Amino acid sequence: MSTTKAPEAAPPETPPETPARKKNHQPHLRRNLPGYLMLLPFLALFAAFLVWPLLNSLYLAFTDFNGIKPPGFVGFDNFERLWTDDARFRKALGNTVMYVIASVTLTTLLALALALAFRTTSLRDKTMRTIFFLPSVTSSMALFLIWGWIFDVEDFGLANTVLGWFGGDSVAWLSTPELAVPILVFISVWGGAGYGMIIFVAGLNAIPEELYEQAEIDGASTFRQFWHITLPLLRPVTTYVLVTSLIGAFQVFEAVYIVFRTTASNVGGILDSALMIVPYLYDMGFGKFELGFASAVAWTLFIIIFIVSTVQLRLTRTLKDL
């Protein structure tokens, strides 16, 4: 019995290569070379004005350098002196921690309260948002000069003038050590709440109104709606406001330098009562010309901000998963 062998199927024809297919076969570098060439000017400026200064400051942190003589390598001596022998740095660190905790907390709470109060598109709310946001777009130098005049120790200061209207005695606002950090916190909250308010308003307007309508139908009170709907959905916005406020608070400089510089010969005011880390860095680097030690202060501040920001982000992520 004979069997007939079935003919083998012909292999599928390979489609001819089109120009697009040939282009995809080109090496990655050659294909993206024009884009890389257009990035070169930015990369050059980025390396010259950011990467190189950062690396150079890291090197100087391990040297004894006064800006005149060549830097001499001293290892970790600057950091050891900073954390073990420098009482002025500990004073600046303590003031900074108190300032950061108070200013960030109060600024965030006030910004959220303002956003809840003026979140609509009515003319009244738009006007109020503009008024509260104005300090954020006004020259900080001008604002701090005005605050220096308001809290001036003489009788022509606005704060003492108002106290005189009510029969009160003049207060040496800037010369009283116990008032230094509260004054800085007050200035920070006054100037920063408007910016946080705008961010919170954007977050509030992104929450679907249907959630509130459904909660109202179910009988939820205004507080329960705020606690179970508004706050959880505002968590990313709150994290952004907290982290940016925290970084800005750790880097406070102009308020200390302008408002308190006139009350004493040093940058931190009377008994260093207003001394913060960045003004201390400035004083050591450009006042005493200990540039190597100032670089160690700068990198210590960077490490502190990095650790605190990382912990805050991890904590926020943990609360989100609960």
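In what follows, the accompanying structure is described.

Procedures and definitions
- Residues numbered from 1 in each chain as written.
- Predicted model: local features only at pLDDT ≥ 70, side-chain atom pairs only at ≥ 80, totals over all residues.
- Heavy atoms only, no water.
- Buried < 20%, exposed > 50% of the residue type's maximum accessible area, 1.4 Å probe, protein only.
- Helix = DSSP H or I, 4+ residues; strand = E, 2+ residues; numbered from the N terminus.
- Arc of directions from axis to C-beta.
- Contact = heavy atoms within 4.5 Å.
- Axes fitted to C-alpha atoms, helices over the stretch in contact; angles between N-to-C directions.
- Parallel < 35°, antiparallel > 145°, perpendicular 65-115°, else oblique.
- Left-handed = near helix turned anticlockwise from the far one by under 90°.
- Core = buried A, V, L, I, M, F, W, Y, C linked by side-chain atoms within 4.5 Å.
- Phe/Tyr/Trp six-rings, centres within 6.5 Å; stacked < 30°, edge-to-face > 60°.
- Lys NZ or Arg CZ within 6 Å of the ring centre and 35° of its normal.

The next point concerns helix 7 (residues 140-150). All of the buried residues along helix 7 are Leu143, Phe144, Trp147, Gly148 and Ile150. An end-on view of helix 7 places all buried positions within 160° of arc, on one side of the element. For helix 7, the elements touching its buried residues are helix 6 (123-137), helix 8 (158-165), helix 9 (177-205) and helix 13 (254-260).

Another aspect to go through is the packing of helix 6 against helix 9. Taken N-terminus to C-terminus, the directions of helix 6 and helix 9 make an angle of 125°; their axes are 7 Å apart at the nearest point. In terms of orientation, helix 6 lies oblique with respect to helix 9. In this structure, helix 6 crosses over helix 9, and the sense of that crossing is left-handed. Together, Arg129, Phe132, Phe133, Pro135 and Ser136 of helix 6 and Trp190, Gly191, Gly194, Tyr195, Met197, Ile198 and Val201 of helix 9 make up the contact between the two elements.

Tyr99, Phe151, Leu184, Phe260 and Tyr280 are the most contacted members of the largest nonpolar core, which totals 44 residues. If you tally residues by element for this core, the top one is helix 9, at seven residues. Residues within four places of Phe260 in sequence aside, it is in contact with Leu174, Ala180, Ile183, Leu184, Ala255, Gly269 and Ala274. Counting residues in each nonpolar core, the second largest holds 17 residues, with Leu114, Ala215, Val237 and Val241 among its members.

To continue, consider the environment of Ser295. In this fold, Ser295 is placed in helix 15 (residues 291-321). Separated by 216 residues in sequence, Ser295 and Phe79 have C-alpha atoms that sit 9.8 Å apart. Residue contacts for Ser295: discarding those within four places in its chain leaves Ser57, Leu60 and Ala61.

On inspection of all chains with the given rule, the structure shows 19 aromatic pairs. Between Trp147 and Phe151, the ring centres sit 5.7 Å apart and the planes meet at 15°, which makes this aromatic pair stacked. Exposure class is identical for Trp147 and Phe151. Each is buried. Here Phe223 and Trp227 contribute two aromatic rings whose centre-to-centre distance is 6.1 Å and whose plane-to-plane angle is 20°, an arrangement assigned as stacked. Separated by four residues within a single helix, Phe223 and Trp227 lie in helix 11 (residues 222-233), roughly one turn from each other. For Phe223, a relative accessible area of 56% corresponds to the exposed category. Trp227 sits in the partly exposed class, given a relative accessible area of 48%. Ring pairing ties together the aromatic residues Trp147, Phe151, Trp173, Phe186 and Trp190, which thus form one cluster. The ring of Phe293 has Arg81 sitting right over it, with the charged end atom 3.9 Å from the ring centre.

Once that is clear, we can look at unusual backbone geometry. Residues other than glycine seldom take positive phi values, yet Leu271 does so here, at roughly 55°. Residue Asp272 is not a glycine yet carries a positive backbone phi of 55°.

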